[in-house]
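Okay, here's what each chain looks like letter by letter:
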Amino acid sequence: MNAETIKRASAVYFTLLKDKVIDENSEHFQTFFNPEVRQTVLLLADESGTYIIESPKRIQLVVQPTGSVFATNFTHLKEKHRQIETKKHFHLISIVIMSFLATIDRNQAAKIRTKREGISYYALERSVNDLVMNWENILKVKPTFGEEERIDMKEVVTTWKYMEVDTEDFGMKKGNRRTRIGLIASAMRLLETEGLIVILDRDDIPKVIPKQELFERIEYLYHDYDRYEQLKKLMSAEEVEHAENPSN
């Protein structure tokens with residue numbers, strides 16, 4: 001590889017490091033698909049522990065997973081996001097995120113609906129609550145439930161059950177991560193930081209709109225992870241009772 005190729009590849013890679021995504025409107029998008037440049041960018045990514053997701057209209061850069069489907073581990077998350085205090089909070093936030101991903105990663109109709117209408121924090125709280133209550137019922141007959149997935153189900157169920165729901169005066173309490181809605185807000189901020197969702201706050205009812213980057217990450221990255229599919233299956237093991245529109 002010559003100096004010009006390295007220069008062009010470095011420009012593409014460091015733009016990805018900074019912005020996490022390059023879309024078709026960027027001058028770097030076409031540059032990336034030069035065979036020599038692409039090979040060099042992929043080499044840079046591999047050497048630095050990152051991974052390139054290629055799709056027809058954009059290129060994404062993610063950190064290679066180290067034991068977590070969310071492309072980082074507990075220590076990394078705790079250092080980067082102060083709202084994650086303990087592994088208990090890490091597991092709860094992971095479950096909230098997985099519940100959200102499982103909701104949008106069902107079929108094409110679900111993807112279209114959530115992209116158009118979004119999912120409110122309160123709808124997500126109800127979904128997670130139904131999920132956790134189902135897990136509680138399973139634990140009564142199968143105390144080892146969750147061990148295979150390396151999740152302390154008893155702690156998850158107990159912690160969630162006794163968290164305040166926070167259904168009133170959201171504007172005053174939304175910073176309280178010790179409530180269910182506060183926990184959900186923390187989880188969604190992680191996705192927002194990665195540029196994967198947009199959070200709308202209409203009439204003080206927060207709503208999450210998934211971006212195309214998230215659907216592409218699910219399709220081109222997460223589906224290749226056994227851990228993701230294992231947790232997704234766990235999320236849908238018991239269907240939630242609410243058949244309502246998730247945007248409410």
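Higher on the page you've got the structure.
Everything numeric here is computed off the predicted structure, so don't read it as measured data. (Residues numbered from 1 in each chain as written. Predicted model: local features only at pLDDT ≥ 70, side-chain atom pairs only at ≥ 80, totals over all residues. Heavy atoms only, no water.)

Chemist: How do you make sense of the nonpolar core when you look at a structure like this?
Modeler: In globular proteins that are soluble, nonpolar side chains generally tend to be buried together. Counting residues in each nonpolar core, the largest one holds 50 residues, and the members touching the most others are Phe-100, Leu-101, Trp-135 and Met-188. Of all the secondary structure elements, the ones that give two or more residues to this core are helix 5 (87-104), helix 7 (121-141), helix 8 (153-161), helix 10 (180-193), helix 11 (212-220) and helix 12 (226-235). Counting residues in each nonpolar core, the second largest holds 13 residues, with Val-12, Ile-22, Phe-29 and Ile-52 among its members. (Core = buried A, V, L, I, M, F, W, Y, C linked by side-chain atoms within 4.5 Å. Buried < 20%, exposed > 50% of the residue type's maximum accessible area, 1.4 Å probe, protein only. Helix = DSSP H or I, 4+ residues; strand = E, 2+ residues; numbered from the N terminus.)

Chemist: Even after reading the chapter, I still don't get the packing of helix 7 against helix 8, so can you show me in this structure?
Modeler: A pair of packed helices is captured by two measures, namely the crossing angle of their axes and the spacing between those axes. One can describe the packing of helix 7 onto helix 8 by two numbers: an axis separation of 10 Å at closest approach and a directional angle of 135°. Classified by the angle their axes make, helix 7 and helix 8 are oblique. In terms of crossing hand, the pair formed by helix 7 and helix 8 is left-handed. Seen from helix 7, the contacting residues are Glu-125, Val-128, Asn-129, Val-132, Met-133, Trp-135, Glu-136 and Leu-139; seen from helix 8, they are Met-153, Lys-154, Val-156, Val-157, Trp-160 and Lys-161. (Axes fitted to C-alpha atoms, helices over the stretch in contact; angles between N-to-C directions. Parallel < 35°, antiparallel > 145°, perpendicular 65-115°, else oblique. Left-handed = near helix turned anticlockwise from the far one by under 90°. Contact = heavy atoms within 4.5 Å.)

Chemist: I would appreciate a short explanation of the environment of Leu-231 in the present structure.
Modeler: Following the sequence through the fold, Leu-231 ends up in helix 12. Sequence separation of Leu-231 and Met-98 is 133 residues, and the distance between their C-alpha atoms is 7.3 Å. Apart from the residues lying within four places of it in its own chain, the contact partners of Leu-231 are Met-98, Glu-149 and Ile-151.

Chemist: Just to check I follow, could you spell out the pattern of salt bridges for this structure?
Modeler: Pairing between side chains of opposite charge can happen when the charged atoms of each approach one another. Applying the stated rule across the entire model yields 7 salt bridges. One salt bridge connects Asp-19 with Lys-18, and the closest N-O pair in it is separated by 3.3 Å. We classify Lys-18 as exposed; its relative accessible area is 68%. Arg-58 is paired through a salt bridge with Glu-216; the nearest N and O atoms lie 2.5 Å apart. With a gap of 158 residues between them, Arg-58 in strand 3 (residues 58-63) and Glu-216 in helix 11 connect regions that are remote in the sequence. Accessibility classification places Arg-58 together with Glu-216 in one group, the buried group. When salt bridges that share partners are traced, they join Arg-58, Glu-213 and Glu-216 into one network. (Salt bridge = Lys/Arg side-chain N within 4 Å of Asp/Glu carboxyl O.)

Chemist: Would you explain the sheet that holds strand 3 in this entry?
Modeler: The pairing of strands in a sheet comes from backbone hydrogen bonds and takes either a parallel or an antiparallel form. With antiparallel pairing, the 3 strands of this open sheet are ordered in space as 1-3-2. Each having just a single partner strand, strand 1 (21-23) and strand 2 (50-54) make up the two edges of the open sheet. Mean inter-strand twist for the sheet, computed between neighbouring axes without regard to direction, equals 15°. Pairing geometry for strand 1 and strand 3, over 3 bridges, is antiparallel. Directly across from Asp-23, in strand 3, lies its bridge partner Arg-58. Along the sheet, helix 11 makes contact with strand 1, strand 2 and strand 3, crossing strand 3 at roughly 65°. (Pairing = 2+ DSSP bridges.)

Chemist: What is the right way to look at the packing of helix 7 against helix 10 in this model?
Modeler: In contact at an axis separation of 10 Å, helix 7 and helix 10 are set at 105° when each is read in the N-to-C sense. As judged from the angle between their axes, helix 7 and helix 10 are roughly perpendicular. Seen from helix 7, the contacting residues are Tyr-121, Tyr-122, Leu-124, Glu-125 and Asn-129; seen from helix 10, they are Arg-180, Ile-181, Ile-184, Ala-185 and Met-188. Class assignment for the residues of the contact of helix 7 with helix 10 results in 7 nonpolar, 1 polar and 2 charged. (Nonpolar A, V, L, I, M, F, W, Y, C, P; charged D, E, K, R; others polar.)

Chemist: Explain the side chain of Thr-159 to me, please; I cannot follow it from the model alone.
Modeler: Within the fold, Thr-159 resides in helix 8. Look at Thr-159 and you get buried, because its relative accessible area is 19%. Contacts of Thr-159, omitting those with residues within four sequence positions, involve Lys-88 and Leu-92.

Chemist: Looking at this structure, I do not really get the packing of aromatic side chains. What am I missing?
Modeler: The relation between two aromatic rings is expressed through the spacing of the ring centres and the mutual angle of the planes. Summed over the entire model, instances satisfying the criterion amount to 4 aromatic pairs. Between the aromatic rings of Tyr-13 and Phe-14, the centroid separation amounts to 5.8 Å while the plane-to-plane angle is 75°, which identifies the pairing as edge-to-face. With relative accessibility at 52%, the residue Phe-14 sits in the exposed group. Here Trp-135 and Phe-145 contribute two aromatic rings whose centre-to-centre distance is 6.4 Å and whose plane-to-plane angle is 65°, an arrangement assigned as edge-to-face. Placement of Trp-135 in helix 7 and of Phe-145 in the loop between helix 7 and helix 8 is noted, with a sequence separation of 10 residues between them. Of the two residues, Trp-135 and Phe-145, both sit in the buried class. Among the aromatic residues, those joined into a cluster by ring pairs are Phe-29, Phe-32 and Phe-33. (Phe/Tyr/Trp six-rings, centres within 6.5 Å; stacked < 30°, edge-to-face > 60°.)

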